[in-house]
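As a plain string of letters, each chain reads:
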Amino acid sequence: MKLNQNKSLHIFLKRNKEAVLAYIILFIVLVLFAINQNDFFTRYGLQSIFNQVITLTIAALAQTLVILTAGIDLSIGAMVGLTNSIAATIMAPVSQAVGGEGPGVLFTVLIVLTVGGLAGFINGVIIVAGRLQPIIVTLATASIYTGIALYIRPTPGGTVSMRYTEILTGRVLTYIPMSAIVLAIFIVVVWLPLRRSKLGQSIYAIGGSEYSAFVSGINVNRTKLWTYTLAGLFSAFAGLLLTAQTASGDPLGSGLFTLNSIAAVVLGGTSLFGGRGGYMGTAAGAAILSLVLGLLIFWGVPSFYQNAVQGLILILALVVGLLQGIRKNKVEAG
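A brief structural summary. Values in this document were obtained by computation on a predicted structure and should not be read as measured data. (Residues numbered from 1 in each chain as written. Predicted model: local features only at pLDDT ≥ 70, side-chain atom pairs only at ≥ 80, totals over all residues. Heavy atoms only, no water.)

## Remarks on a nonpolar patch on the surface
Then comes step 1: A contiguous nonpolar surface patch, about 950 Å² in accessible area, is contributed by Leu 21, Ile 24, Ile 25, Phe 27, Ile 28, Val 31, Leu 32, Ile 35, Phe 298 and Trp 299.
Then comes step 2: Residue position: Leu 32 is located in helix α2 (residues 17-36). (Patch = residues over 30% accessible without salt bridge, like charges linked within 9 Å, V, L, I, M, F, W, Y side chains within 5 Å. Areas by Shrake-Rupley, 256 points an atom, 1.4 Å probe, with all protein chains shown as cover. Salt bridge = Lys/Arg side-chain N within 4 Å of Asp/Glu carboxyl O. Helix = DSSP H or I, 4+ residues; strand = E, 2+ residues; numbered from the N terminus.)

## Structural notes on the packing of helix α8 (residues 178-196) against helix α11 (residues 220-246)
The relative placement of two packed helices comes down to the angle between their axes together with the axis-to-axis distance.
Then comes step 1: One can describe the packing of α8 onto α11 by two numbers: an axis separation of 14 Å at closest approach and a directional angle of 175 degrees. One element, α8, and the other, α11, form an angle in the roughly antiparallel class. Touching Val 182, Phe 186, Val 190 and Leu 194 of α8 are Leu 230, Phe 234, Phe 237 and Leu 241, all from α11.
Then comes step 2: Classifying every residue of the contact of α8 with α11 by side-chain character gives eight nonpolar, no polar and no charged. (Axes fitted to C-alpha atoms, helices over the stretch in contact; angles between N-to-C directions. Parallel < 35°, antiparallel > 145°, perpendicular 65-115°, else oblique. Contact = heavy atoms within 4.5 Å. Nonpolar A, V, L, I, M, F, W, Y, C, P; charged D, E, K, R; others polar.)

## So, unusual backbone geometry
Then comes step 1: A positive phi angle, close to 70 degrees, is found at Ala 70, a residue other than glycine.
Then comes step 2: As for its placement among the helices and strands, Ala 70 is situated in the loop between α3 (43-68) and α4 (76-98).
Then comes step 3: Judged by relative accessible area, Ala 70 falls into the partly exposed class, the value being 42%.
Then comes step 4: Its identity as a non-glycine residue notwithstanding, Arg 131 has a phi of 50 degrees, on the positive side. (Buried < 20%, exposed > 50% of the residue type's maximum accessible area, 1.4 Å probe, protein only.)

## Here we look at the environment of Ala 88
Then comes step 1: Note that Ala 88 resides in helix α4.
Then comes step 2: Spatially, the C-alpha atoms of Ala 88 and Leu 225 are 28 Å apart, while their sequence positions differ by 137 residues.
Then comes step 3: Excluding residues that lie within four positions of it along the chain, Ala 88 makes contacts with Gly 157, Gly 158, Thr 159, Val 160, Thr 243, Ser 248 and Gly 249.

## Section: the side chain of Thr 223
Then comes step 1: Here Thr 223 is to be found in helix α11.
Then comes step 2: With residues up to four places along the chain from it excluded, the contact list for Thr 223 reads Leu 199, Ser 202, Ile 203, Ile 206 and Ile 218.

## Quick word on the packing of α4 against α11
Then comes step 1: At a minimum axis separation of 7 Å, α4 and α11 run at an interaxial angle of 50 degrees. When the interaxial angle is binned, α4 and α11 end up oblique. The hand of the α4/α11 crossing is right-handed. Between α4 and α11, the contacting residues are Ile 76, Met 79, Val 80, Thr 83, Asn 84, Ala 87 and Ala 88 on the first element and Ala 231, Gly 232, Ser 235, Ala 236, Ala 238, Gly 239, Leu 240, Leu 242, Thr 243 and Thr 246 on the second.
Then comes step 2: The residue makeup of the contact of α4 with α11, split by class, is ten nonpolar, seven polar and no charged. (Left-handed = near helix turned anticlockwise from the far one by under 90°.)

## Some thoughts on the environment of Ala 284
Then comes step 1: By the element assignment, Ala 284 lies in helix α13 (residues 279-298).
Then comes step 2: Residue class for Ala 284 comes out buried when judged on its relative accessible area of 1%.
Then comes step 3: In this structure, the C-alpha to C-alpha distance between Ala 284 and Leu 21, residues 263 residues apart in sequence, is 9.5 Å.
Then comes step 4: Leave out the neighbours within four places in its chain, and Ala 284 touches Ala 22, Tyr 23 and Leu 26.

## Let's talk about the packing of aromatic side chains
Then comes step 1: This structure, assessed with the given rule, holds three aromatic pairs.
Then comes step 2: With centroids separated by 6.0 Å and ring planes inclined at 80 degrees, the aromatic side chains of Phe 186 and Phe 234 adopt a geometry described as edge-to-face. Remark: Phe 234 occurs in helix α11 and Phe 186 occurs in helix α8; sequence separation between them is 48 residues. With respect to burial, Phe 186 and Phe 234 carry one shared label: buried. (Phe/Tyr/Trp six-rings, centres within 6.5 Å; stacked < 30°, edge-to-face > 60°.)

Next comes the structure, spelled out in structure tokens:
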């Protein structure tokens, strides 16, 4: 019995070694955080940590799905900025039109999620129908989405319901951060069922080998269309969370989400070449990136060097991802 347990643990660690390494690094970062943050073990410290990581963590889920298909989405940050700008701009007028703050926030959330899903759907349609490279398509649509966001909100600002910000950034039952509940919902209710669904299996299959997936009867185009639509939808969720945290809209304030979401995916062990990895590792990667920035602020590092460190982490993550892909290709060729 014990031998079987050890064997199962060994297989699990072998299959998920990159994600396990990400959680070890996250543990070290949290220890450094605990040393530097006086209120780390209080309810405020826990709330602060989850609020720092939640937006990138959700945006990185969008990027994870696309990268698992061996694609990449350079419009994630633009979609976050677009939905953030829309939410901050229409929340007050919609609330006034429907005669109440609660229904107004609800209608705003539905509109923003629809826009995000539509933006992702457009990405998918162009990539599938045009048989174009995702990196080119999403780079182009990122410019379009940013332009639309600037048209809607030329300058940062807007009016956001205080109750909306308190709910999404506050605590439940005194101690539990709402951000932690949101993350748990995305892992348990969204990711795990999606991972085990027919769509999830198709996403992994396409990333492993698009040709093999096709001859196995998987509808490659429909799977890609769903993947990019879900990426847009999850980017909109990230935009709504950003709106709650900043209580304003900024069309140009979310550009780093694109590169940071890619870095989070790679740090979490998902292959840039698709077909291997998952969101559990990505969540750790996103937390590492977000908390490292907090550590640099604690240590009084100037903002210039903070950006430089983030850039170095991104380059390191990309190099590791590329080396993994090269090694995989050598193994397959050998």
